[in-house]
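The primary structure of each chain is shown beneath.
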Amino acid sequence: MLLVRSLAFNLAFYVATTLIAIGGLPTLVSRRGVIRLAQLWGRVTLWLLRVVGGITVEFRGVENIPPGPLLVAAKHQSALETLALVTAFPDFAYILKRELLWIPLIGWFLSRSGMVAIDRSKGARAMAAMNEAAAQAIRDERQLIIFPEGTRRPPGAPPAYKLGITHLYAALGVPCLPVALNTGLHWPRRRLIRRPGTSVIEFLSPIPPGLDRARFLELVQGRIETASDALLAAGRSELAAAGHPVPEAVPASPAKAPRNGSPVA
């Protein structure tokens, strides 16, 4: 039954995505239009998850989201939060890999919506380009979303934060909103299965601008990891109580120091 339900959701998701992308082509005339289309896509996906996949996405701590321009640092376990977060912010901009702009049709929308695309092959020059594009997004009073670990990580995996988040925090001078979650339990990366239950995305207390980089990194990583671990524990208990397979915990190991190299991936 779990496999059938997962297949049904995946089919509905890709059909809906295709229809929204084709039907939304006229929105390419404006950046705002594309942003609104993405938010529609996110809401439709959340509805399909609930109705077809049996997954309810719960947003917690919405009152912690400050108004105006903002740096959002989110845990990344799944494609789910990429879609869900667009519904939480009025004028979001993701920091993403340049290669995503090459995806047929979807790449057009990403380019037109003013996402901050990074060419990872440029090494240190990518950092300067990211800072410049990110600063413009902040001047436009947008909410800039970054996944500090650069890629999806299995639930419970040791943190692997990169230095891009500290560079942005120091350069932009705006609050940073940490985001914890347990989405990987229900929409696991590189897997077909979608496990029913309550998937939680939690907005934590914002970190004010002006801290030194070391203190900021300590705070943002500590808040995200502590809250995400708590959400994972509760989520695993919920799955077990409902009789669903529970993903095995990743063996504990010391947190990795932030890595040099590409700032985002």
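Here is a short report on the structure shown in this document. Just so it is clear, the structure is predicted and the values come from calculations on it, not from any experiment.

Under the criterion given, the structure shown has 10 aromatic pairs. Residues Phe 9 and Trp 187 carry aromatic rings whose centres are separated by 5.4 Å and whose planes lie at 80° to one another, so their mutual orientation is edge-to-face. Placement of Phe 9 in helix H1 (residues 2-23) and of Trp 187 in the loop between strand S6 (176-181) and strand S7 (197-203) is noted, with a sequence separation of 178 residues between them. Neither Phe 9 nor Trp 187 differs from the other in exposure class; each is buried. Relative to Phe 203, the ring of Phe 59 has its centre 6.1 Å away and its plane inclined at 5°; by these criteria the two rings are stacked.

This part takes up the pattern of salt bridges. Scanning all chains against the criterion turns up 8 salt bridges. Here the salt bridges share partners, and the residues they tie into one network are Arg 31, Arg 32, Asp 91 and Arg 142.

A few words on the sheet that holds S7. Spatial ordering of the open sheet is given by S1-S7-S6-S2-S5-S3-S4, a layout of 7 strands whose pairing is mixed. This sheet does not close on itself; its edge strands, each paired only once, are strand S1 (55-60) and strand S4 (116-118). Geometrically, the sheet is characterised by an average inter-axis angle of 20° between neighbouring strands, direction not taken into account. In terms of strand pairing, strand S3 (residues 92-97) meets S4 through 3 bridges, oriented parallel. Bridge assignment links Lys 97 to a residue of S4, and that residue is Ile 118. The strands touched by helix H2 (residues 31-53) within the sheet are S1 and S3, with S1 carrying the most contacts at an inclination of about 125°. Packed onto the sheet, helix H6 (residues 164-172) meets strand S2 (70-74), S3, strand S5 (143-146) and S6 and runs at close to 165° relative to S2.

The backbone of Leu 105 sits at a positive phi, close to 70°, despite the residue not being glycine. Within the secondary structure layout, Leu 105 lies in the loop between S3 and helix H4 (106-112). Residue Leu 105 is classed as partly exposed on the basis of its relative accessible area of 22%. With phi around 60°, Arg 190 is a residue other than glycine that occupies positive phi space. Take Arg 190: it is sitting in the loop between S6 and S7.

A surface patch of nonpolar side chains, amounting to about 260 Å² of accessible area, comprises Leu 3, Leu 7 and Leu 192. By the element assignment, Leu 3 lies in helix H1.

Once that is clear, we can look at the pairing of S7. Of all 7 residues in S7, 5 are buried, a share of seventy percent or more. Alignment of S1 against S7, held across 6 bridges, turns out to be parallel. In the strand pairing of S7, Val 57 is matched with Ser 199. Direction of pairing for S6 relative to S7: antiparallel, over a ladder of 3 bridges. Within the sheet, the bridge partner assigned to Ala 180 lies in S7 and is Glu 202.

Conventions we followed
Residues numbered from 1 in each chain as written. Predicted model: local features only at pLDDT ≥ 70, side-chain atom pairs only at ≥ 80, totals over all residues. Heavy atoms only, no water. Phe/Tyr/Trp six-rings, centres within 6.5 Å; stacked < 30°, edge-to-face > 60°. Helix = DSSP H or I, 4+ residues; strand = E, 2+ residues; numbered from the N terminus. Buried < 20%, exposed > 50% of the residue type's maximum accessible area, 1.4 Å probe, protein only. Salt bridge = Lys/Arg side-chain N within 4 Å of Asp/Glu carboxyl O. Pairing = 2+ DSSP bridges. Axes fitted to C-alpha atoms, helices over the stretch in contact; angles between N-to-C directions. Contact = heavy atoms within 4.5 Å. Patch = residues over 30% accessible without salt bridge, like charges linked within 9 Å, V, L, I, M, F, W, Y side chains within 5 Å. Areas by Shrake-Rupley, 256 points an atom, 1.4 Å probe, with all protein chains shown as cover.

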